[in-house]
Amino acid sequence: MDDNSTQDFLISLDDFDPGERLDKLNLLAGEDEAKQLQRDEWLFLIALYVIDETIREKLPNRYFFYIFGDASVFMLLAMSGFPHIEGRYGHKLAVLLGAAHLLYRFNAAKKFALPNEKTKQLRLNSWARAYIKEQSILESMSAEVEKMRSVFLACFEENEATYRQLGKLLLSDITEESAQEILGLNEGLQIKLLS
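Residues numbered from 1 in each chain as written. Predicted model: local features only at pLDDT ≥ 70, side-chain atom pairs only at ≥ 80, totals over all residues. Heavy atoms only, no water.

### Considerations on the sheet that holds strand β3 (residues 120-124)
What counts, and what does not: Being paired, for any two strands, means DSSP has found at least two bridges between them. A run of H or I in DSSP becomes a helix once it reaches four residues, and a run of E becomes a strand once it reaches two; helices and strands are each numbered from the N terminus.
Read across the sheet, four strands follow the order β2-β3-β1-β4 without closing on themselves; strand pairing throughout is antiparallel. At either end of the open sheet lies a strand with only one pairing partner, and these are β2 (103-107) and β4 (193-194).

Below, the structure is given as C-alpha cells:
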C-alpha cells in the first residue's frame, strides 16, 4: 500500500465495530494467516479475561485492574501451553487487538515512574467482553480457558498476600513512594498488575 491508501484504509476502519475492525486488520495478512491470527488473538483475550475474572473474584473490591505489560500476558500463555505467543508475534497480536479497540492498551501511566516508558498497561474493555460472548469464545475454547484459569489461580494463591497488598496500593493515591513499592511488589510476580 502507498501512504495514501494506507491512510484511507486506516480511516475506513472507523466505520466498523471492534470485531469487524479486527477481521479487516487480520485480512491484511492473507486469508490463511488470518485464521491463525484469530485463534491466537482469542487466546490473548482469554488470558486477559482469566486474569481479570480471577482478580475480581479473589480481591475484595471488584476493580478492573490493568495488566502490567504484554509480558505478563505472554507469561500466562506460556505457562498454559501456548509459548508461541510471545516476542514480536505476541506484540503483533497485542497491537492488532489494541488497534481494533478490543483492549485498553497504552503506555503505562506516568504516576508509576517505570524505568521503561514504553511499557504498556492493558485490559479488556466492554467491547472485548461483548465480542468474547458473541463469538462464544469461552465455550468453543473451554479447555484453554480452564487451563489458563487453573494456572493463574495457582499463581494467585501462591502470591495472594502480594496481590492483596498490591491491590490496596493500586487503589489508593499513587505517590513516589507507593509507586516504588508497587514496582517492587510486581518484581516478585510473574503476572503483574497496575491501575
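### What to know about the pattern of salt bridges
Test applied: By definition, a salt bridge exists where a carboxyl oxygen of Asp or Glu is found within 4 Å of a side-chain nitrogen of Lys or Arg.
Within this structure, the stated rule accounts for 10 salt bridges. By sharing partners, the salt bridges in this structure join Asp52, Glu53, Arg56 and Arg129 into a single network.

### What about helix α2 (residues 18-27)?
Here is the rule: Per-residue accessibility, obtained with a 1.4 Å probe over protein chains only, is compared with the maximum for each type, and a residue is labelled buried under 20%, exposed over 50%, and partly exposed between these values. Note: the arc covers the axis-to-C-beta directions of the helix. Contacts are assigned to residue pairs that have any heavy atoms within 4.5 Å of one another.
Restricting attention to buried positions, one finds in α2 the residues Pro18, Gly19, Arg21, Leu22, Leu25 and Asn26. The arc enclosing the buried residues of α2, seen along the axis, measures out at 160 degrees, which places them on a common side. Considering only its buried residues, α2 is in contact with α1 (3-12), α3 (31-58), α5 (87-99) and α6 (126-134).

### A closer look at the nonpolar core
Heads up, the rule is: Think of a nonpolar core as a cluster: buried Ala, Val, Leu, Ile, Met, Phe, Trp, Tyr and Cys residues, connected wherever their side-chain atoms sit within 4.5 Å.
Counting 61 residues, the largest nonpolar core has Phe44, Ile55, Leu77, Met148, Phe152 and Leu193 as its most contacted members. Ranked by residues supplied to this core, first place goes to α3 with 12 residues. Among all residues touching Leu77, those that are not within four sequence positions of it are Leu43, Phe44, Ala47, Phe82, Pro83, Ile85 and Met148.

### A look at the packing of aromatic side chains
To be explicit about the condition: Geometry of aromatic contacts follows a simple scheme: Phe, Tyr and Trp rings, the Trp one being its six-membered ring, pair when their centres are within 6.5 Å, and the pair is stacked under 30 degrees between planes, edge-to-face over 60, tilted otherwise. Charge-over-ring placement is defined geometrically: NZ (Lys) or CZ (Arg) within 6 Å of the ring centre, and within 35 degrees of the ring normal.
Taken as a whole and assessed by the stated rule, the structure comprises five aromatic pairs. Aromatic pair Phe44 and Phe74: ring centres 6.4 Å apart, planes at 70 degrees, arrangement edge-to-face. On the criterion of sequence distance, the pair formed by Phe44 in helix α3 and Phe74 in helix α4 (residues 70-79) is long-range, its members being 30 residues apart. Assigned by exposure class, Phe44 and Phe74 land together as buried. Plain terms: the ring middles of Tyr63 and Phe65 are 4.8 Å apart, the flat faces sit at 70 degrees to each other, and that makes the pair edge-to-face. By the ring-pair criterion, three or more aromatic residues cluster together here, those being Phe152, Phe156 and Tyr163. Here Arg123 stacks its cationic end above the ring of Tyr66, 4.7 Å away from the centre of that ring.

### Considering the environment of Lys118
Considering the arrangement of structural elements, one finds Lys118 in the loop between β2 and β3. Along the sequence, Lys118 and Gly69 sit 49 residues apart, while their C-alpha atoms lie 9.4 Å from each other.

### So, unusual backbone geometry
The backbone of Arg62 sits at a positive phi, close to 60 degrees, despite the residue not being glycine. If you trace the backbone, Arg62 turns up in the loop between α3 and β1 (66-68). Non-glycine residue His101 carries a positive phi angle of around 70 degrees. Summarising the element assignment, His101 is placed in the loop between α5 and β2.

### Focus on a negative patch on the surface
Inclusion rule: For patches, a residue must show more than 30% relative accessible area and have no salt bridge; joins then use 9 Å for like charges and 5 Å for nonpolar side chains, namely Val, Leu, Ile, Met, Phe, Trp and Tyr. To be clear on the numbers: accessible area is Shrake-Rupley with a 1.4 Å probe, and residue cover counts the displayed protein chains and nothing else. Only four residue types enter the tally: Lys and Arg on the positive side, Asp and Glu on the negative side, with His and both chain ends excluded. By convention, the charge on Lys lies at NZ, on Arg at CZ, on Asp at CG and on Glu at CD.
Together, Asp17, Glu20, Asp23 and Glu134 give the surface a local cluster of negative charge. For Glu20, the location among the structural elements is in helix α2.

### Overview of the pairing of β3
Every other side chain in a regular strand lies on the same face of the sheet, so the side chains alternate between the two faces. Along β3, five of the five residues are buried, which leaves the element largely enclosed by surrounding structure. Sheet topology places β1 next to β3; two bridges connect them, and they run antiparallel. Directly across from Phe68, in β3, lies its bridge partner Gln121. In the sheet, β2 pairs with β3 via five bridges, with the strands oriented antiparallel. The residue bridging Asn107 from the neighbouring strand is Lys120, located in β3.

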